[in-house]
Amino acid sequence: MIKSEKVLFPNSYYDMSGIIYYPENFNENNTYKTIVVSHPGGGVKEQAAGLYARKLAEHGFLTIAFDASFQGESGGYPRLLESPSARIEDVSVAIDYLSTLSFVDMNNIAAFGICAGAGYSVTAATVDRRIKAVGAVSLVNIGILFREGLDHAVPVESQIQALEAASLARSKDANSKTSTFINYVPYTRDEITEDTPVYAREASDYYRTPRAMYPTAPDFLLQRSMQEIFQYDTLHLVDTLLTQPLLVVAGSEADTKFLTDELYEKATASSKRDYYIAEGATHVDLYDKEEYINPAVDYIAKFFNDQLKF
């Protein structure tokens, strides 16, 4: 039986909230291959990240899923800021914490993420050499997706308009008569039409219905987040600095699959690249549908066991 424990660990001036999942027959006198799991944008550790963390623990790994800075039960202000730089640092902060635990094998750390968390995990691996392997499920290069949309189709004029709105929101926040930030935008779509992309339609179903909605995931982000998101690109430096083994997982029917393809094609410095395609799955199917997740996790576990060697 898999046991779990909620933990707090420090990040600058606030604490991060995580859940450690212990493998069966855990013995604190042993050391374990360990996986740091990052959640999708707008998500929390109790959703897809926790599901994968638990399932990978069932394969013998020690895992930790955590809430991003400014989100969920983790600290940080302003609330619901989606900051790529902070989220990349969060991965390293989690590894800092793991280094204080005697049962973590610091020579066998993997970074793993879902959706935007996958992109952040990849970027973290380019600079944090404690990460020895990387796994990415339904990867989203959040900077590209928010700037350019599916198929890189959003014109520059529309991108600038979004940045103008985010800039104005900062001024409105600064001039608010309250001490709280007030300019938030929905993470998923308020209105679903026949033109809504499949991943966006399914994300609304995932986050806004009992399927996966959670009290600490209100499905909003601070509008000023767009300024940071637009500057970010998961592909930056992966062709030179991402030398660790890389496994990417995407649904064959995911309309975001092109983002995984772009990473896989550019990550030529990786010592081992592997691509698992979940036949019939969409982007969000790989968040919680076990008919797709279970065989994917089997493949992921084998990859990490092969690449993380005692």
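Read on for an overview of the structure.

Definitions and limits used
Within each chain, residue numbers correspond to sequence positions counted from 1 in written order. Only residues with pLDDT of at least 70 are given local features in this predicted model, and only at 80 or more are side-chain atom pairs given and counted; all residues enter the totals for whole chains, interfaces and linings. Side-chain measures were taken over the full set of non-hydrogen atoms in the model, leaving aside hydrogen atoms and water. Put simply, DSSP H or I for four residues or longer makes a helix, DSSP E for two residues or longer makes a strand, and each gets a number counted from the N terminus. Values of the radius of gyration come from C-alpha atoms, whereas the globule rule sets the reference at 2.2 Å times the count of residues to the power 0.38. Relative accessible area decides the class of each residue, using a 1.4 Å probe on protein chains only: under 20% of the type maximum gives buried, over 50% gives exposed, and in between gives partly exposed. Here, two residues are considered to be in contact whenever any of their heavy atoms come within 4.5 Å of each other. Computed with a 1.4 Å probe, the accessible areas rest on the Shrake-Rupley method; for each residue, only the protein chains presented here act as cover. Residues scored as charged are limited to Lys and Arg (positive) and Asp and Glu (negative), so that His and the chain ends carry no count. Here the site of a charge means NZ on Lys, CZ on Arg, CG on Asp, or CD on Glu. Note on aromatic contacts: the rings of Phe and Tyr and the six-membered ring of Trp form a pair at centre separations within 6.5 Å, being stacked when their planes are under 30 degrees apart, edge-to-face when over 60 apart, and tilted otherwise. In this analysis the charged atom, NZ for Lys or CZ for Arg, is taken to sit over a ring once it is within 6 Å of the ring centre and within 35 degrees of the ring normal. Two kinds of site are reported from a 1 Å grid over the protein atoms alone, namely cavities, where a 1.4 Å probe fits but cannot get out, and pockets, open sets with protein on both sides within 12 Å along at least five of seven lines, and residues are called lining when an atom falls within 4 Å of a point. Grid points are joined across faces, edges and corners, and a volume is the space filled by probe spheres set on the points. In this classification, the charged set is Asp, Glu, Lys and Arg, the nonpolar set is Ala, Val, Leu, Ile, Met, Phe, Trp, Tyr, Cys and Pro, and all remaining amino acids, among them Gly, are polar. Fitting a line to C-alpha atoms yields each axis, with helices limited to the stretch in contact; the angle taken between N-to-C directions then spans 0 to 180 degrees. Here roughly perpendicular refers to angles of 65 to 115 degrees, roughly parallel to angles under 35, roughly antiparallel to angles over 145, and oblique to all remaining angles. Here a crossing is called left-handed whenever its near helix is offset anticlockwise from the far helix by less than a right angle, and right-handed whenever the offset is clockwise. Two strands qualify as a pair provided DSSP detects at least 2 bridges between them. A helix is expected to reach a length of 1.5 Å times the quantity of its residues less one.

The number of helices and strands found in the protein chain is 10 helices and 10 strands. For 310 residues, the compact-globule estimate of 2.2 N^0.38 gives 19 Å, and the C-alpha radius of gyration of the protein chain, at 19 Å, lies within 12% of that figure. Taking all 310 residues of the protein chain together, the buried fraction comes to 58%. In the protein chain, the share of contacts with a sequence separation of at least 24, taken over all contacts with a separation of at least 6, comes to 74%. Total accessible area computed for the protein chain in this model is approximately 13100 Å², and 51% of it derives from carbon and sulfur atoms. Both charge centroids of the protein chain, one from 27 positive and one from 42 negative side chains, sit 4 Å from each other.

Attention now moves to the packing of aromatic side chains. Scanning the model with the defined rule gives 17 aromatic pairs in all. Plain terms: the ring middles of Tyr120 and Tyr232 are 5.4 Å apart, the flat faces sit at 45° to each other, and that makes the pair tilted. Of this pair, Tyr120 sits in helix H3 (residues 116-127) while Tyr232 is found in the loop between helix H7 (225-231) and strand S9 (246-251), placing the two residues 112 residues apart along the sequence. Through pairs of rings, three or more aromatic residues link up here, namely Tyr52, Phe61, Phe112, Phe303 and Phe304. Of note, Arg273 hangs over the ring of Tyr264, and the distance from its end group to the ring centre comes to 4.8 Å.

Topologically, Gly280 is positioned in the loop between strand S10 (273-278) and helix H9 (285-288). Since its relative accessible area comes to 37%, Gly280 is described here as partly exposed. For the pair formed by Gly280 and Phe9, sequence separation is 271 residues and the distance between their alpha carbons is 39 Å. Non-local contacts of Gly280, meaning those with residues more than four positions away in its chain, are made with Ser252, Glu253, Asp285 and Tyr292.

So, about empty space enclosed by the protein. The final tally for this structure, using the stated rule, is one cavity of 30 Å³ or more. Taken together, 14 residues form the lining of the largest cavity, with Gly42, Gln71, Leu80, Pro218 and Phe220 sitting closest to its centre. When grouped by side-chain class, the residues that make up the lining of the largest cavity number seven nonpolar, five polar and two charged.

This brings us to the packing of helix H2 (residues 84-98) against H3. H3 packs onto H2 with a crossing angle of 65° between their chain directions and a minimal axis gap of 9 Å. Taken together, the axes of H2 and H3 are roughly perpendicular relative to one another. Considering how the two elements wind past one another, H2 and H3 form a crossing that is right-handed. The residues of H3 that touch H2, namely those facing Pro84, Arg87, Ile88 and Val91, are Gly117, Tyr120, Thr123 and Ala124.

Moving on, we get to the sheet that holds strand S2 (residues 14-22). Ordered by their spatial adjacency, eight strands build an open sheet running S1-S2-S4-S3-S5-S6-S9-S10, and the pairing between neighbours is mixed. Among the strands making up the open sheet, the edge pair consists of strand S1 (3-11) and S10. Recorded for the sheet is a direction-independent mean angle of 20° between the axes of neighbouring strands. Each of S1, S2, strand S3 (32-38), strand S4 (62-66), strand S5 (104-114) and strand S6 (131-137) touches H2; the most contacted strand, S1, lies at about 110° to it.

Moving on: the pairing of S2. Counting buried residues along S2, seven of its nine residues qualify, which places the element largely inside the surrounding structure. Pairing analysis gives nine bridges linking S1 to S2, with the strands arranged antiparallel. Residue pairing for S2: Phe9 is matched across the bridge by Met16. Between S1 and S2, which pair antiparallel one after the other, the connecting turn spans two residues, and Ser12 there sits at a positive phi close to 55°.

On to H2, then. For H2, spanning 15 residues, the distance from its first C-alpha to its last is 22 Å, which sits close to the expected 21 Å at 1.5 Å a residue. Here H2 lies mainly inside the structure; 12 of its 15 residues are buried. Residues of H2 that are buried include every one of Pro84, Ala86, Arg87, Ile88, Asp90, Val91, Ser92, Val93, Ala94, Ile95, Tyr97 and Leu98, and no others.

Moving on, we get to the layout of surface pockets. Put simply, the largest pocket is a space of about 760 Å³. Together, 33 residues line the largest pocket, and Leu145, Phe146, Tyr187, Arg189 and Tyr199 are the ones closest to its centre. Residue assignment for the lining of the largest pocket shows that the elements contributing at least two residues are helix H4 (142-148), helix H5 (156-174), strand S7 (184-186), helix H6 (198-208) and H7. Each residue belonging to the lining of the largest pocket can be placed in one class, and the counts come to 24 nonpolar, seven polar and two charged.

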